[in-house]
Structure formats: C-alpha cells, structure tokens
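Spelled out, the chains give:
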Amino acid sequence: MSLPSSLTDSSLTRAGIAAALVTASAAAVAGSTGAFSLPSLDSSHAAASMSYAPAANSIPVQRAAVTPVAATAPAAAPAVKHTSPAAQQAAKQAADQAAAAKKAAQQKAAAAKKSSSASSGSVAGLGPLGDRIVSTAASFEGTPYVYGATGPSSFDCSGFTSYVFKKMGISLPRTAQQQYDAVQHISKSQAQPGDLVFMGGSDSIYHVAIYAGNNKIWTAPEPGESVKLGNMFGDVSFGRAR
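Residues numbered from 1 in each chain as written. Predicted model: local features only at pLDDT ≥ 70, side-chain atom pairs only at ≥ 80, totals over all residues. Heavy atoms only, no water.

All chains considered together, the criterion is met by six aromatic pairs. Measuring from ring centre to ring centre gives 5.4 Å for Phe 140 and Tyr 163, while their planes differ by 85 degrees; the resulting arrangement is edge-to-face. With Phe 140 in the loop between helix H4 (128-138) and helix H5 (157-167) and Tyr 163 in helix H5, this pair connects stretches of sequence that are 23 residues apart. In this structure Phe 140 comes out as buried when scored by relative accessible area, which is 14%. (Phe/Tyr/Trp six-rings, centres within 6.5 Å; stacked < 30°, edge-to-face > 60°. Helix = DSSP H or I, 4+ residues; strand = E, 2+ residues; numbered from the N terminus. Buried < 20%, exposed > 50% of the residue type's maximum accessible area, 1.4 Å probe, protein only.)

And the structure:
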C-alpha cells in the first residue's frame with residue numbers, strides 16, 4: 001500500500017497522519033472492489049484538527065490514606081496477694097486490740113453519760129435498798145481478806161462488793177475498775193448509804209467499798225485484815241447501782 005503524497009507534507013499533525021493512514025488503508029481495500037474514492041486532503045486536515053484527549057480510565061485514582069490502628073495491649077491480670085500466717089496472726093491481734101479499745105471507749109462514754117445525768121440532779125435515791133445493802137455488808141464483818149476471793153468465806157475488795165450486791169439481785173462486774181465503769185456516777189452530796197465508793201482516778205481505780213454514811217465505808221481492805229467499818233481514804237468518787 002502506497003501513501004498519498006500528501007502524507008509527506010510536514011505540516012500534518014500526528015492526528016492528521018493517523019487519519020491519512022486510515023484513509024489510505026480504506027482506499028486500498030476499496031481499490032480492490034472499486035467502491036472507494038480517496039477523500040481530499042482537506043478532510044485529512046479537518047481530521048487533524050481533532051483534539052486528543054486521554055481516556056478517563058487512564059488517569060490513576062489516588063487512594064485514600066489508610067490510618068494504622070493502634071494495637072490494644074491486653075489487660076494485666078490482677079495480682080494475687082499471699083499473706084503469711086505470721087501476718088494473719090498480727091492482723092487478728094490488731095483487730096482484737098481495736099475491738100477491746102472500742103469496747104472500753106463505749107464503757108467510758110456510758111459512764112460519762114451517767115455522771116452527766118447525776119450532775120443534773122436526775123438521780124433516783126436508794127431508799128430501803130440502801131439500808132439493806134449496808135445491813136448485808138455489816139453481816140460479813142470479820143471475814144478475812146484474800147486477794148482474788150469472791151466469798152463468802154473470804155473476799156478481796158471488789159469480790160466483797162459484788163457478793164453483797166448479788167444478794168440484792170444486782171450484778172456487778174468483777175474488778176473495781178469495771179465496777180466504776182458500769183455504775184452511775186454521782187457527787188458526794190448525792191451519795192447515800194448503800195452506794196459504792198471508789199478510790200483512785202477514773203482510769204486507775206484501785207479500791208472499792210460500800211458507803212455507810214458519815215464518811216464511813218464497809219470494806220475488805222488489804223491482806224492481813226478483815227471486812228470492817230472504816231474511814232474513806234485517798235481520792236474518792238461515788239457510784240450508784242440499782
């Protein structure tokens with residue numbers, strides 16, 4: 001196949017050359033059939049004037065940036081605490097001490113409440129009960145003092161008071177300090193025969209006796225002595241149990 005002489009024209013564009021080649025090919029085919037006439041060069045030039053535009057799908061599509069996902073660390077397993085037997089025993093002792101301190105504080109608070117009630121004048125008198133207490137205490141005159149004894153053949157001071165009051169149907173704790181913490185506190189001017197008399201400070205009671213009136217007490221005093229009617233001594237305070 002021969003190219004038209006117009007293809008040698010340097011003024012043709014790429015598009016024009018391409019169009020001319022197509023035209024020449026068509027002419028060659030038509031020449032064999034006699035049904036095709038070569039178009040004029042003007043049509044080639046017109047085709048050459050067509051603008052070339054790249055296919056839309058030939059433009060690469062920019063991909064969206066991918067944000068990496070941060071890995072999540074697995075949750076740490078809870079620590080298992082192991083307590084030694086010695087630590088458990090220490091913790092138990094501490095709990096017991098705290099409970100004892102709480103109980104002592106409650107007893108002191110109750111005693112303070114009783115004392116406050118007494119100071120306000122709201123103290124019920126003993127009446128006949130006081131006389132019975134004094135009479136029962138006097139019946140044990142001459143009973144020997146023995147430390148820790150609670151009667152009836154021997155007494156220490158708090159053993160004596162608790163035994164006498166038990167005869168009246170009144171329960172008192174075992175020691176002098178415990179009895180002080182348990183009873184209603186009253187002033188000396190309010191004291192009546194049958195009340196309790198305590199020696200020592202509020203936190204250091206060392207002796208307890210039964211008030212007989214006129215500054216006298218029924219007491220189990222000390223080793224080598226016996227229950228007797230004696231004089232009050234030291235720092236005293238009074239308590240009432242009913």
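Time to look at the nonpolar core. Residues Phe 160, Phe 165, Leu 196 and Ile 210 are the most contacted members of the largest nonpolar core, which totals 28 residues. Taken together, the elements giving at least two residues each to this core come down to H4, H5, helix H6 (176-182), strand S2 (196-201) and strand S3 (204-213). No other element matches the five residues that H5 contributes to this core. In this view, Leu 196 contacts Thr 161, Phe 165, Leu 172, Gln 179, Val 183, Val 208, Ala 209, Ile 210, Ser 237, Phe 238 and Gly 239; residues no more than four positions away in its chain are not counted. Val 123, Ala 191, Tyr 211 and Met 232 belong to the second largest nonpolar core, which has ten residues in total. (Core = buried A, V, L, I, M, F, W, Y, C linked by side-chain atoms within 4.5 Å. Contact = heavy atoms within 4.5 Å.)

Further remarks concern the confidence of the model for the chain. On average, residues of the chain carry a pLDDT of 79, and 61% of them reach 70 or more. Confidence drops under a pLDDT of 50 for residues 34-41, and excluding neighbours within four residues, the segment shows ten contacts in the predicted structure. (pLDDT = per-residue confidence, 0-100.)

In this section: the pairing of strand S6 (residues 236-240). By the criterion of burial, S6 is predominantly enclosed, with four of the five residues buried. Direction of pairing for strand S1 (residues 184-186) relative to S6: antiparallel, over a ladder of three bridges. When the bridges of S6 are listed, Ile 186 appears paired with Phe 238. The pairing of S2 with S6 spans four bridges and is classified as antiparallel. (Pairing = 2+ DSSP bridges.)

On to the packing of H4 against H5, then. Their axes nearest at 9 Å, the elements H4 and H5 cross at an angle of 125 degrees. Relative to H5, the element H4 lies oblique. At the point where H4 passes H5, the crossing takes the right-handed sense. Residue-level contacts link Ile 133, Thr 136 and Ala 137 of H4 to Phe 160, Val 164, Phe 165 and Lys 167 of H5. Split into classes, the residues belonging to the contact of H4 with H5 amount to five nonpolar, one polar and one charged. (Axes fitted to C-alpha atoms, helices over the stretch in contact; angles between N-to-C directions. Parallel < 35°, antiparallel > 145°, perpendicular 65-115°, else oblique. Left-handed = near helix turned anticlockwise from the far one by under 90°. Nonpolar A, V, L, I, M, F, W, Y, C, P; charged D, E, K, R; others polar.)

A turn of α-helix holds 3.6 residues, and therefore any two residues three or four places apart point the same way. Taken across its eleven residues, H5 has nine buried, putting it largely inside the fold. Buried within H5 we find Cys 157, Ser 158, Gly 159, Phe 160, Thr 161, Ser 162, Tyr 163, Val 164 and Phe 165. Where H5 is buried, its residues touch H4, H6, S2, S3 and strand S4 (216-219). Backbone geometry just downstream of H5 places Gly 169 in the positive-phi region, at approximately 85 degrees.

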